[in-house]
Every structure is written in C-alpha cells, then in structure tokens.
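This is what each chain is made of:
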Amino acid sequence: MDPGLSWARLAEMDARTPSLPPDIAGRFAAIVGEAYAVRDPAEIAPYLIEPRAKFHGRTALVLRPGSAGEVSDILRLANQTGTPIVPQGGNTGVVGGQVPDASGGQVIVSLSRLNGIREVDTDGDTMTVEAGVVLAAAQAAADAADRLFPLSLASEGSCEIGGNVSTNAGGTAVLAYGNMRNLVLGLEVVLPTGEVWEGLRRLRKDNTGYDLRDLFVGAEGTLGIITAAVLRLFPKPRGTSVAFVGVKDPDAALALLDIARAQAASGLTAFELIPRIAIDVVLRHVPGTRDPLAGVHDWYVLFEVSSSRSEADAEQTVEAIFGEGVARDVVEDGVQARSLDQANAFWRIRHTLSEVQKEEGGSIKHDVAVPVAAVPEFIRRANAAVTAMIPGARPFPFGHVGDGNIHYNISQPVGADKAAFLARWDEVNQRVHGIVADLGGTISAEHGIGTLKRGMLAAVKPPIELDLMRRIKAAFDPNGILNPGKVL
Ligand SMILES: Cc1cc2nc3c(=O)[nH]c(=O)nc-3n(C[C@H](O)[C@H](O)[C@H](O)COP(=O)(O)OP(=O)(O)OC[C@H]3O[C@@H](n4cnc5c(N)ncnc54)[C@H](O)[C@@H]3O)c2cc1C
C-alpha cells in the first residue's frame, strides 16, 4: 500500500465512492461479451496485486476487450456514466498505476487480448503491434524478420507494449537505443471520450505541430488507452560479447564507461553497475548461480558490446576495453563470456536483482537518475545518510549507470523488524530524494509516478509545470474518468 495512503483514508474513500451499479456493469459486459467480462472475485484477484504487493485495490469488473472498437465503446459509456477506468497491460508496473483504488467502483480494462502483430516492414524498419503484445513476443517477431527491437527489461516475459509506451519504459538497452519514447513512431489511441486518434504513422520526420504521440508516451494511462503502436526496428547485431568485471568503486565504473564508449562507440549496448551485496544475495537465494569472478570485489560492471560485423569483432572490442581498463588501473579483474550459456548466466544475475531483494526482508526503493558524472557522489552521500538514519541498513544500489539511473534500494538490517523498517519509507525517500535534487536529478527515472510518487510531484515540479499538466489532463479527459488519482 502507498505508505502515504493509510487504511483509514482508504476506508474513508471507500465510503464516499459508490461501488459499480449492477446495471452499469451489465452494459459494460455487453460490449465485450460475458465471456470477457470478469466478475468472479477469484479470477479478478490477480489483476489487483502488483509485483511489489504495495498496492491492493478492489473492483467488481475486469473487461477484456478484443478490439480498439470495443475499447472505444467502453470509454464512451464510461464517460457518459462517470465510471472511472483503470487501463492494465502486463501488470508489472511498480508504482501502482495499473491498480484500482479501494472503492470497488473503478473498472479495470485489460488490453492483453489485443495481441496481434499487424505488420512488420523491413524496408522502413518498423513493426505495427497491438497494445497487448508481450514485450518478449515483440522482440521475437522482430528477430524472426532479422531485425532487433531493442527494449529489454527483466519483466519482458510479462509486460506489454501498451504498458511499455505508457510508462516510457527504460531497461538495459537505453544506453544505445534510447527509452521507449525513442522507439515509438506512431500510436493508435482511444481517448476518454471514446473518440479514436489514428496516429499510426511510420514517419521518421513529421513537423506538423504539437507532438500528440509524445504526450501519450509516459502518461501512465491518464490521457488515453493505447491500442496499437508503430515501433522502430534496428539491424540485428551480427555478434555480441558480454563481460563481468570487478572494480573498486563507482568512480572506477565511470572511468571504465569512458573507456568502453571510446572503444565501442554506439556498439556499447549495456553497462550495468552491481554492488557486492547484490552478488551475495543472488548466490544465497537463486539456485544455480555462481560467483562470476574468483575473488571478491566491492563493485562490478556487467557490460555488453554488439557488432554489426561479427562475433569476433564484438569479442575483440571487449578485450580492448578490458585491456585498457587493466592498464589504467580501473579494472581489478574480469571475465568475458565464452559461450551463450555463460553470457546468459551473467545476465541472469542482473535480471534477478529486482526480485531477489524480497528474500532479505523489507526493501525501501528509489528509481532515481542524476547526471552520469554525479553517480559516485550520489551513492556515497546516500549511503552515508541512510546508514546514519538506520544503523545496519544495507544499501543495494544497482542499475543503468550509463544512463545515470540507479535503483537505490535499501535492504533492512539483518534480523530487524520488517514492518518497523518499512514504516520509515517516506522519511528515507525524502532524505535520498533531497540528495538527488541537490545533484540536479529526478525522483523517477523510468518507473513513472503512478500512485506511489504522486504526492511527491509538487515538491519537485515547478507550479507552472504541474498546472500545464493539469490543463492537458482536463483537455483530454474533461470528466476525469481515465485512471483518476494516478500521476496528478
Ligand atoms: C522484475 C521487474 C523488472 C523491471 N525492470 C524494469 C526496467 O528495467 N525498466 C523499466 O522501465 N521498468 C521496469 N519494470 C517495470 C515495468 O515492467 C514497466 O513499467 C513496464 O513498462 C510496465 O508494462 P506493463 O504492461 O506491465 O504495464 P502495467 O503494469 O499493466 O501498467 C503500467 C501503467 O501503464 C498503464 N497502461 C498499461 N497499458 C496501457 C495501455 N494500453 N494504454 C494506456 N495505459 C496503459 C497502466 O494504467 C499503468 O499506469 C520492471 C518490473 C519488474 C516486475
């Protein structure tokens, strides 16, 4: 549950907001057909719980439309009846945006049945997919056409393209290819009034006024429901090589980033920072994992180089980076994956980091970004502040250091009371976000605002910016029926 939203407050909202009247529920169900109107509480339950079990809402109805036309009919009816709608994709979002409130009066619209790949255009290097296509399926469709769709997240087996667009997802390939905003050319969107914006353009250039597409990217389902997207494709690399390297500290990691960029240029396709505590926790809880290096290092970097020429070319570039890193005393030790299995084993360590922390009890989380050069200072200052506030607290900062984006998470002290530790969430957030602000950073690099960070926006956005956001919301959704209470 949102630490700022007490059970008492939820009960108060519950009493004020009427549940969904049965006749209106029936009219919604008629749009999708009874088979796709989920009303059984047991079947509804998975739609109400999100990955971190922090938010848990209620609803009487989940609608599973099978076409953009049905989505349009749903929103038209919602707008007429004042029924709040919560769009949901793969339900992997970590800020509570896809979960209804506790009133029981909000209806979930799941986009998962809209899972068609409409077109792959290898001349224009685009792919038109529906919103419910799972990210891994989009990657596979691109691969089958000898192209790359580069967005890569640990949740890629469940998250969906509509959710990726709506959260402006980031992940491990942002360094080379940008985040979802850079990967979308066009969108088909159903507006809160039920009108459809046919914006499925495949253009690389289009300077015809305000960019509506960019408004929907990262809007977290507050401005419209995305039903399809045109995605950018890239040439498939002919070779990749992955290395796991031990370094003294985040300063050394940045020095290595500098070397890697100079050697690989745009071929540097991932560069992730991992602290020793993360390796220890993974080895303790994830069966079949092995320490990649013989010795123990305080920090590690997992990096990947891709080549448009060959596997050998990628491997040679990694060797050159490694060699220069050792020569300049930046690298303590390292290993280059010699097989796909070994590369996958390295990536598995990285991809389990989000999930594995729960095995160590409570974890207070941040998804922050600072200018890349400020990452070491941020980690030093945040570690000092957090361990002074909570002696024994275990900082677990990891992530996309090449983008300045650190998942600054803190595991509870060993043996501490989990609830008492988590009760300090807001206080710790405030302290860490204060340091981020001081360094010119942001409190949400890639996860979004949702419900979790809604209360923090006023402190980090100038009033004019918030006011413009509210005016945009009112222009798109005059009756406030789409994902109310999220972001703003
Ligand atoms: C293990 C794990 C690792 C993760 N790693 C990363 C990472 O590296 N980088 C990253 O950026 N995120 C990461 N995430 C977060 C999450 O996977 C992304 O935010 C993802 O883009 C959400 O997609 P989804 O389909 O699950 O969306 P959901 O969770 O269903 O929804 C997310 C938001 O989008 C809205 N929405 C969903 N579909 C639509 C639609 N069709 N139209 C309009 N609004 C819609 C929802 O209302 C909600 O506000 C991770 C999550 C997990 C659990």
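Being a predicted model, the structure only gives us computed values, none of them experimental. (Residues numbered from 1 in each chain as written. Predicted model: local features only at pLDDT ≥ 70, side-chain atom pairs only at ≥ 80, totals over all residues. Heavy atoms only, no water.)

It is worth spelling out the overall build of the chain at this point. Helix and strand counts for the chain stand at 19 helices and 19 strands. Accessible surface for the chain amounts to roughly 20,100 Å². Of this, 52% is attributable to carbon and sulfur atoms. Side-chain charges in the chain split into 46 positive and 58 negative, and the spacing between the mean points of these groups amounts to 3 Å. (Helix = DSSP H or I, 4+ residues; strand = E, 2+ residues; numbered from the N terminus. Areas by Shrake-Rupley, 256 points an atom, 1.4 Å probe, with all protein chains shown as cover. Lys, Arg positive; Asp, Glu negative; His and termini not counted. Charge placed at Lys NZ, Arg CZ, Asp CG, Glu CD.)

The contact between helix α15 (residues 375-389) and helix α17 (residues 425-438) brings their axes to 10 Å, and the two run at 155 degrees. For the element pair α15 / α17, the angle class is roughly antiparallel. In this structure, the crossing between α15 and α17 has a hand that is right-handed. Contact with α15, carried on its side by F378, R381, A382, A385, V386 and M389, involves E427, V428, R431, V432, I435, V436 and D438 of α17 and no other residues of that element. The class makeup of the residues in the contact of α15 with α17 is nine nonpolar, no polar and four charged. (Axes fitted to C-alpha atoms, helices over the stretch in contact; angles between N-to-C directions. Parallel < 35°, antiparallel > 145°, perpendicular 65-115°, else oblique. Left-handed = near helix turned anticlockwise from the far one by under 90°. Contact = heavy atoms within 4.5 Å. Nonpolar A, V, L, I, M, F, W, Y, C, P; charged D, E, K, R; others polar.)

The local shell around the ligand holds 36 residues, among which P87, G89, T92, G93 and S155 are the closest. A distance of 3.4 Å is found between a nitrogen atom of the ligand and a backbone nitrogen or oxygen belonging to G171. In the complex, the protein chains occlude 96% of the 980 Å² of accessible area that the ligand would expose alone. Elements represented by at least two residues in the shell around the ligand include exactly β3 (85-88), α6 (161-167), β10 (225-232) and α14 (353-356). With five residues, the single largest contributor to the shell around the ligand is α6. For the shell around the ligand, the per-class residue count stands at ten nonpolar, 22 polar and four charged. (Near = heavy atom within 4 Å. Polar contact = N/O pair within 3.5 Å; in protein donor to acceptor, adjacent residues only side chain to side chain.)

Relative to the helices and strands, Q412 resides in the loop between β19 (405-411) and α16 (418-422). In this structure Q412 comes out as buried when scored by relative accessible area, which is 6%. Only 2.6 Å separates the side chain of Q412 from the backbone nitrogen of G362, close enough to count as a polar contact. Not counting residues up to four positions away in its chain, the partners in contact with Q412 are E360, G361, G362, R394, K418 and F421. (Buried < 20%, exposed > 50% of the residue type's maximum accessible area, 1.4 Å probe, protein only.)

The strand order across the open sheet formed by four strands is β1-β2-β4-β3, and the pairing between neighbours is mixed. Where the open sheet ends on each side, the last strands, each with one partner, are β1 (37-38) and β3. One ladder, built from two bridges, connects strand β2 (residues 62-63) with strand β4 (residues 107-110); its direction is parallel. Within β4, the position partnered with V62 by the bridge is I108. (Pairing = 2+ DSSP bridges.)

Taken as a whole, helix α3 (residues 41-48) has its buried residues at I44, Y47 and L48. Along α3, the residues classed as buried sweep out an arc of 95 degrees about the axis, all on the same side. Exposed residues lying more than 90 degrees from the buried face of α3 are A42 and P46. For α3, the elements touching its buried residues are β1, β2, β3 and β4. (Arc of directions from axis to C-beta.)

What follows is about the pairing of strand β12 (residues 239-247). In terms of burial, β12 is a largely internal element, eight of the nine residues being buried. In terms of strand pairing, β12 meets strand β14 (residues 299-307) through nine bridges, oriented antiparallel. Its bridge partner being in β14, F244 is matched across the sheet by L302. When β12 meets strand β15 (residues 331-336), the two strands line up antiparallel, connected through five bridges. The residue of β15 that forms the bridge with F244 is V335.

The antiparallel open sheet is built from five strands, whose spatial order is β5-β6-β10-β8-β9. A single partner strand is all that each edge strand has here, and the edge strands are β5 (117-121) and β9 (196-199). Across the sheet, the axes of successive neighbouring strands diverge by a mean angle of 15 degrees, strand direction being ignored. Relative to β9, strand β8 (residues 184-190) is paired through four bridges, and the arrangement is antiparallel. Of the residues in β9, the one forming a bridge with L187 is G199. On the sheet, helix α4 (residues 68-81) packs against β8, β9 and β10 and is oriented at approximately 50 degrees with respect to β8.

Honestly, that's just the spatial picture; any functional story needs more than this.
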